[in-house]
4 protein chains.
Amino acid sequence: MTGLVARKSFGSDNHAGAHPDVMRAIVEANTGDVVAYGADPWTERATGELKRLTGAEGEVYLVLNGSGANVLGLGLLLGRHEAVICAETAHINTDECGSAERILGTKLLTVPSAGGKITPDLIAGRLSGRGDEHFAQPGVVAVTQSTEFGTCYSLAELRAIKEFCTANQLRVYLDGARIANAAAHLGCPVAEIAACADVLSFGGTKNGAMGVEAVVVMHPEDGINAPYLRKQHMQLSSKMRFLGAQFNALLTDGLWLRNAARANAMATRLAAGLAGMPGVEVEYPVEADAVFARLDPHHVAQLQRDWTFHVWDETTSTVRWMTAFDTEETDVDAFLADIAAATGAVSV
Amino acid sequence: MTGLVARKSFGSDNHAGAHPDVMRAIVEANTGDVVAYGADPWTERATGELKRLTGAEGEVYLVLNGSGANVLGLGLLLGRHEAVICAETAHINTDECGSAERILGTKLLTVPSAGGKITPDLIAGRLSGRGDEHFAQPGVVAVTQSTEFGTCYSLAELRAIKEFCTANQLRVYLDGARIANAAAHLGCPVAEIAACADVLSFGGTKNGAMGVEAVVVMHPEDGINAPYLRKQHMQLSSKMRFLGAQFNALLTDGLWLRNAARANAMATRLAAGLAGMPGVEVEYPVEADAVFARLDPHHVAQLQRDWTFHVWDETTSTVRWMTAFDTEETDVDAFLADIAAATGAVSV
Amino acid sequence: MTGLVARKSFGSDNHAGAHPDVMRAIVEANTGDVVAYGADPWTERATGELKRLTGAEGEVYLVLNGSGANVLGLGLLLGRHEAVICAETAHINTDECGSAERILGTKLLTVPSAGGKITPDLIAGRLSGRGDEHFAQPGVVAVTQSTEFGTCYSLAELRAIKEFCTANQLRVYLDGARIANAAAHLGCPVAEIAACADVLSFGGTKNGAMGVEAVVVMHPEDGINAPYLRKQHMQLSSKMRFLGAQFNALLTDGLWLRNAARANAMATRLAAGLAGMPGVEVEYPVEADAVFARLDPHHVAQLQRDWTFHVWDETTSTVRWMTAFDTEETDVDAFLADIAAATGAVSV
Amino acid sequence: MTGLVARKSFGSDNHAGAHPDVMRAIVEANTGDVVAYGADPWTERATGELKRLTGAEGEVYLVLNGSGANVLGLGLLLGRHEAVICAETAHINTDECGSAERILGTKLLTVPSAGGKITPDLIAGRLSGRGDEHFAQPGVVAVTQSTEFGTCYSLAELRAIKEFCTANQLRVYLDGARIANAAAHLGCPVAEIAACADVLSFGGTKNGAMGVEAVVVMHPEDGINAPYLRKQHMQLSSKMRFLGAQFNALLTDGLWLRNAARANAMATRLAAGLAGMPGVEVEYPVEADAVFARLDPHHVAQLQRDWTFHVWDETTSTVRWMTAFDTEETDVDAFLADIAAATGAVSV
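Residues numbered from 1 in each chain as written. Chains lettered and ligands numbered in written order. Predicted model: local features only at pLDDT ≥ 70, side-chain atom pairs only at ≥ 80, totals over all residues. Heavy atoms only, no water.

### Things to note about the interface of chain B and chain A
Here is step 1: Listed by partner, the interface residues are 56 residues for chain B and 56 residues for chain A.
Here is step 2: When the two sides are added together, the surface that chain B and chain A hide from each other amounts to roughly 4800 Å², 55% of it contributed by carbon and sulfur.
Here is step 3: Counting the surface chain B buries against chain A, the share from its top three residues, D33, M234 and K239 of chain B, is 17%.
Here is step 4: Our count for the chain B to chain A interface comes out at two salt bridges. (Contact = heavy atoms within 4.5 Å. Buried area = accessible area lost by both parts, 1.4 Å probe. Salt bridge = Lys/Arg side-chain N within 4 Å of Asp/Glu carboxyl O.)

### Structural notes on the side chain of S99 of chain A
Here is step 1: Within the secondary structure, S99 of chain A is located in helix α5 (residues 99-104).
Here is step 2: There is a polar contact of 2.5 Å between the side chain of S99 of chain A and the backbone oxygen of Q232 of chain B. (Helix = DSSP H or I, 4+ residues; strand = E, 2+ residues; numbered from the N terminus. Polar contact = N/O pair within 3.5 Å; in protein donor to acceptor, adjacent residues only side chain to side chain.)

### Describing the interface of chain C and chain B
Buried accessible area, meaning the area lost when the parts come together, often serves as the stated size of an interface.
Here is step 1: Counting from both sides, the interface comprises 21 residues of chain C and, opposite them, 20 residues of chain B.
Here is step 2: Ranking the residues of chain C by area buried against chain B places C97, R102 and K107 of chain C at the top, with a combined share of 40%.
Here is step 3: Linking chain C with chain B are two salt bridges, by the criterion used here.
Here is step 4: A salt bridge links K107 of chain C to E101 of chain B, with the nearest nitrogen and oxygen atoms 2.5 Å apart.
Here is step 5: Only α4 (91-94) and α5 (99-104) of chain C provide two or more residues apiece to the side of chain C that touches chain B.
Here is step 6: Partitioning the side of chain C that touches chain B into residue classes produces six nonpolar, seven polar and eight charged. (Nonpolar A, V, L, I, M, F, W, Y, C, P; charged D, E, K, R; others polar.)

### Looking at the relation of the copies chain B and chain A
Here is step 1: With an RMSD of 0.0 Å, the fit of chain B onto chain A corresponds to turning through 180° and sliding 0.0 Å along the axis. Such a combination of rotation and displacement between the chain copies is what one expects of a two-fold axis. Of the C-alpha atoms belonging to chain B, the one lying closest to the rotation axis is found on I103 of chain B, 3.0 Å away.
Here is step 2: A shared binding surface is used by both copies, with 100% of the interface residues of chain B retained as interface residues in chain A. (Least-squares fit on C-alpha atoms with pLDDT ≥ 70 in both.)

### Re the pattern of salt bridges
Here is step 1: Tallied over the full model, the rule gives 76 salt bridges over all chains.
Here is step 2: Ionic pairing is found between R171 of chain B and D222 of chain B, a salt bridge with its closest N-O pair at 2.6 Å. Note that R171 of chain B is positioned in strand β7 (residues 171-175) and D222 of chain B in the loop between β9 (213-217) and α10 (226-232), a separation of 51 residues in sequence.
Here is step 3: The exposure class assigned to R171 of chain B is partly exposed, which follows from its relative accessible area of 25%.
Here is step 4: Residue R7 of chain D is joined to D338 of chain D by a salt bridge in which the shortest nitrogen-to-oxygen separation is 3.3 Å. Here D338 of chain D lies in helix α14 (residues 329-343) and R7 of chain D lies in the loop between β1 (4-5) and α1 (20-29), a separation of 331 residues in the sequence. (Buried < 20%, exposed > 50% of the residue type's maximum accessible area, 1.4 Å probe, protein only.)

### A short note on the relation of the copies chain C and chain B
Both copies of the chain are related by a screw-like operation: a rotation about an axis and a shift along it.
Here is step 1: For these two chains of identical sequence, chain C goes onto chain B by a turn of 180° and a shift of 0.0 Å along the axis, with RMSD 0.0 Å.
Here is step 2: The fraction of interface residues of chain C whose copies in chain B are also interface residues reaches 95%, indicating that both copies meet through the same surface.

### Observations concerning the packing of helix α2 (residues 41-54) of chain A against helix α11 (residues 241-251) of chain A
Between two packed helices, what matters for the description is the angle formed by their axes and the separation of those axes.
Residues and elements named next belong to chain A.
Here is step 1: As a packed pair, α2 and α11 sit with axes 7 Å apart at the nearest point and diverge in direction by 45°. Classified by the angle between their axes, α2 and α11 sit oblique to one another. Judged by the sense of rotation from one axis to the other, the crossing of α2 with α11 is left-handed. Residues W42, T43, R45, A46, E49, L50 and L53 of α2 form the contact with α11, whose own contacting residues are R241, G244, A245, F247, N248 and L251.
Here is step 2: Residue classes in the contact of α2 with α11 are distributed as seven nonpolar, three polar and three charged. (Axes fitted to C-alpha atoms, helices over the stretch in contact; angles between N-to-C directions. Parallel < 35°, antiparallel > 145°, perpendicular 65-115°, else oblique. Left-handed = near helix turned anticlockwise from the far one by under 90°.)

### Section: the packing of aromatic side chains
Here is step 1: What the rule picks out here adds up to 52 aromatic pairs over all chains.
Here is step 2: An aromatic cluster of three or more residues is present, and its members are F10, W307, F309, W321 and F335 of chain A.
Here is step 3: Between the NZ or CZ atom of R7 of chain D and the centre of the ring of W307 of chain D, over which it lies, the distance is 5.0 Å.
Here is step 4: The cationic tip of K117 of chain D hangs over the ring face of Y153 of chain D; the distance from NZ or CZ to the ring centre is 5.9 Å. (Phe/Tyr/Trp six-rings, centres within 6.5 Å; stacked < 30°, edge-to-face > 60°. Lys NZ or Arg CZ within 6 Å of the ring centre and 35° of its normal.)

Structure follows, in structure tokens:
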């Protein structure tokens with residue numbers, strides 16, 4: 001049947017369903033009538049907890065998906081005429097169909113990145129036209145943590161970006177669709193990551209939720225128009241309690257962190273299994289829930305008969321293997337066995 | 001506790017939760033991995049069934065909420081420079097924070113409406129500047145069925161609008177956030193309503209879903225850029241199966257129609273109980289799930305101590321009382337008793 | 001030949017050409033090379049003089065036409081999510097093809113107006129939804145001085161609006177396409193009008209220029225992104241000296257005020273001649289360069305054989321007669337004679 | 001005095017004023033009243049002549065500047081959701097402050113270019129995500145002729161691009177701000193260049209006009225919304241006759257081509273003089289009115305004391321020297337002498 005995945009998918013962390021605790025919370029929230037659009041106890045609890053967790057002094061706004069979070073978050077920080085500096089490989093640049101340009105009318109000033117990460121030097125290279133009315137004027141720097149390539153900025157790296165931006169009148173937006181994986185990898189309070197941003201998204205969907213993200217405003221003055229922009233951007237949910245309930249489950253007893261740690265561990269296990277396997281070259285440090293690898297196109301094709309995953313770059317025969325909150329060790333081991341077989345590392 | 005509603009709310013059809021069958025379908029869809037973004041069996045079944053139900057020859061696109069549906073639907077029909085003719089009281093004009101203007105850059109050319117309904121004559125009055133580059137050029141007429149005032153266009157009224165529009169090179173968008181209530185009231189196949197539009201939304205959320213709407217494209221050529229605009233408008237859900245599952249439940253054994261019929265019947269019961277009650281004047285024909293009434297501001301204030309509902313217009317002391325798919329006869333009767341008491345229709 | 005007007009046009013103040021002094025200034029500016037985009041002595045002199053004249057503490061930006069001035073001016077004051085309150089009859093609402101919505105993504109919240117003028121009460125009526133995320137949030141009030149109907153706000157009226165706006169966190173944009181006519185009528189320094197706005201346009205084109213308007217920023221902090229928005233809005237002229245030269249001519253020896261006074265006087269003369277003429281009813285106080293009148297449609301048709309003017313409203317048979325900086329008394333008298341003849345006020 | 005350039009500027013072709021014939025035409029057009037917004041004989045003659053010259057079957061629209069022409073031209077061809085493929089170095093990408101993104105909401109998908117020119121292969125490299133809703137969908141390819149680097153596409157190169165685009169459902173926009181220079185270089189009818197585009201701009205300002213550009217629509221069906229978009233984009237001039245008059249002068253007796261040929265010849269003379277000059281490296285073929293050269297930063301600084309020109313790239317010490325319609329041989333020779341002196345090619 002179309003779209004059903006027989007074996008555990010390594011295609012995306014959103015091929016998984018919702019964590020049972022999340023589903024249970026949704027079911028339990030389905031009781032009686034409550035006021036719509038967020039003035040309900042589930043939403044209040046979720047946003048309150050997210051404020052505490054991130055150390056935000058501004059408010060937290062639940063939204064419907066990752067693009068919605070990114071566009072709202074950028075919109076809060078951008079002056080009407082300003083542009084965004086981001087990695088060429090940033091999700092907002094490559095995977096959102098030009099949503100930032102369409103909705104915000106902003107230009108993305110891209111910089112090349114190594115493993116999805118940008119640096120103060122790369123940002124500095126985009127500032128030469130400042131003050132000249134002919135050139136797009138950068139106002140926001142967007143970083144992704146963890147990155148689209150399964151790498152993580154260290155706190156030192158993030159702080160260096162934040163300091164540079166503060167010194168150069170640039171605001172920082174952090175795409176945290178997978179911020180949980182970064183927190184798990186760094187072993188630090190998520191507030192230390194959040195402190196390096198002015199506005200960030202905090203992802204739920206890729207971490208076991210059914211479908212919810214949060215936009216976190218660190219400084220109150222940046223959130224003044226957030227409720228209105230969320231509505232204009234079509235990101236205001238009427239039966240919001242079901243968004244709040246999802247985050248409540250994730251935020252109970254650190255489920256969010258355990259889910260991320262599990263996904264990370266499974267990616268690490270996969271990478272460890274690949275180490276030394278002839279014909280497979282892992283491309284980036286494996287610091288979150290993704291493994292990028294190069295292998296022979298024929299081996300890719302053979303693996304795709306039984307397993308679900310994306311070819312990231314056909315020209316280099318690079319594949320992306322993603323784990324999820326519910327990936328099992330046996331899934332990884334079975335996949336490894338087939339990779340070994342396909343690449344001839346073992347006889348079959 | 002904030003937002004919790006002790007008694008059945010008459011505030012909005014989205015104060016209710018999800019219908020148990022919808023919740024069950026969501027839970028059941030949470031099984032194993034599936035491809036994201038809609039290539040899953042739940043979504044395929046839902047969109048296929050919605051095509052059949054509406055008679056659409058184009059495709060159906062699931063989206064995340066009503067504003068998302070309206071803006072996408074309008075965007076599919078509008079030329080880049082075109083404006084929309086709609087009722088002054090249309091949801092897109094009054095309740096979406098200017099989303100159509102913000103996202104589509106379009107102008108809304110409003111006409112006064114009686115009970116939320118517009119007519120060919122009213123539309124004609126907005127066509128005088130056609131062909132003059134100084135004037136906004138109408139390209140789409142937007143109607144709401146059932147309307148924001150709980151009234152329904154008859155099929156004859158809708159057909160007259162469609163014919164007028166066809167004859168005048170105007171496209172028709174139908175905001176069907178409550179199309180089920182209209183189908184229940186008119187007792188006609190929903191396809192007969194849909195045939196009067198070029199693109200319509202088909203509401204789930206107000207009819208017992210947790211949160212899902214569909215954009216239905218009647219003619220294939222109008223849907224060419226729909227997938228891309230849905231993504232740009234941040235309305236593409238990754239774990240789409242959970243949207244599909246909701247519609248599957250609603251579309252099984254006509255649950256969508258039964259839910260709407262129940263809500264309509266409860267509004268009718270409420271109106272019947274108000275009839276002849278001194279001090280309460282019902283404003284519009286009650287043809288869907290809403291009753292608009294005028295009563296003394298002091299009586300309103302007294303009722304709001306125990307019951308949840310909106311004052312629609314303070315200047316006229318008009319209130320809106322909404323029913324929902326799960327309103328019980330006993331809810332209506334208890335509310336009626338309190339209204340009677342408050343307005344002095346009975347001694348307390 | 002198409003478009004040529006045999007007799008003096010009463011159709012629009014932009015049917016006239018450029019004042020000879022303006023043309024002379026343009027020709028004289030055509031000497032040698034100068035830096036482009038405004039860093040030239042003509043532009044510097046013009047903007048400096050306009051600052052002095054209006055009392056602006058911010059900068060002055062020359063732009064290419066009236067719509068360009070209005071959209072830029074509004075854009076400087078609007079928050080990203082905000083809407084504009086204006087008269088239903090405002091040029092930005094009725095005559096710019098929806099430019100403000102298209103370019104700024106803003107909604108225009110219109111109020112009915114008497115003779116083009118709005119009041120604090122009318123503005124107040126649009127503030128009820130403030131703070132509710134479902135409603136468009138007004139951020140700017142736009143007034144036109146002199147209005148589209150040839151009337152002028154008194155300074156007291158303008159000050160009342162400004163005070164109301166200040167007290168209600170609203171900014172004021174003043175469309176001054178015909179601000180010169182208002183200054184001439186009121187007999188006050190233009191700075192007193194400008195002081196009632198946060199940003200205004202100062203029109204050149206309708207007052208004898210070939211084609212130039214200025215956007216005047218009263219407070220420096222509102223102009224921070226003005227150079228960039230002007231460029232993005234395609235209003236930055238490369239050979240800017242020719243824009244500057246036009247204003248220099250108008251600002252020399254008060255030509256701008258003399259031009260406006262002449263146009264006003266001719267409208268007043270026309271209105272005086274109409275007074276008591278049977279079959280002609282003047283609609284608004286004649287305080288600038290326009291006369292609106294109602295007369296029999298057959299008389300309108302007869303007059304249009306020889307004279308150029310617009311029928312403003314066919315349903316009421318209202319016409320608009322505009323004068324210009326170069327309208328002569330003999331033009332007015334000849335026109336009056338024909339009006340009298342057409343309406344039967346005199347035998348022919 | 002600020003901005004005045006003592007010697008002939010090599011800074012830009014818009015540092016020059018207007019050609020005397022253009023100025024004369026403007027003065028002569030200042031006669032009597034004419035209907036505004038383009039229904040005048042000057043505009044009709046200009047647009048008619050431009051249609052004839054380019055072979056356009058659609059209409060020609062006069063606009064106010066180059067950015068205005070580019071944004072309008074792109075807007076006519078782009079579907080609401082579509083993106084633009086262009087050279088990284090294209091004027092629309094680097095010099096218009098993000099106007100295309102701001103006004104059209106479109107994304108620019110850039111390709112590296114050699115000397116400003118792109119190729120079918122480079123375009124093809126941007127088509128891999130077609131049909132995937134996550135990726136921006138290219139709908140238009142934008143080329144510049146002559147390019148921002150003073151090079152020209154050959155007709156064969158342009159035709160190859162057009163053929164590739166036609167075969168791949170892509171439309172072609174040609175930025176012809178300096179199309180006259182290309183026509184002069186190629187020695188071909190401008191219609192042969194225009195035939196390679198669906199919509200193009202035809203530049204006046206850089207070729208001796210005071211300030212006017214034309215948007216030329218090759219196929220009538222692409223121009224349906226052009227009048228409205230021009231107005232919405234604030235590019236509709238009220239006293240349009242003065243735009244028409246400028247083009248009339250340029251189009252009389254081939255002045256446009258003579259102006260361009262003169263500018264080209266002066267650039268060629270400059271390049272010839274530089275040939276073999278030690279310490280000066282000309283970067284691109286000199287095929288229009290620009291010479292890009294690298295020389296020692298100290299020599300650049302010395303030359304800038306007396307001469308006006310731009311440093312294009314400080315990191316490589318590349319300068320841009322532009323000629324204009326009124327550059328004299330003596331200007332070039334004096335400049336060459338100073339370059340030689342500065343670079344030590346001759347003793348001073």
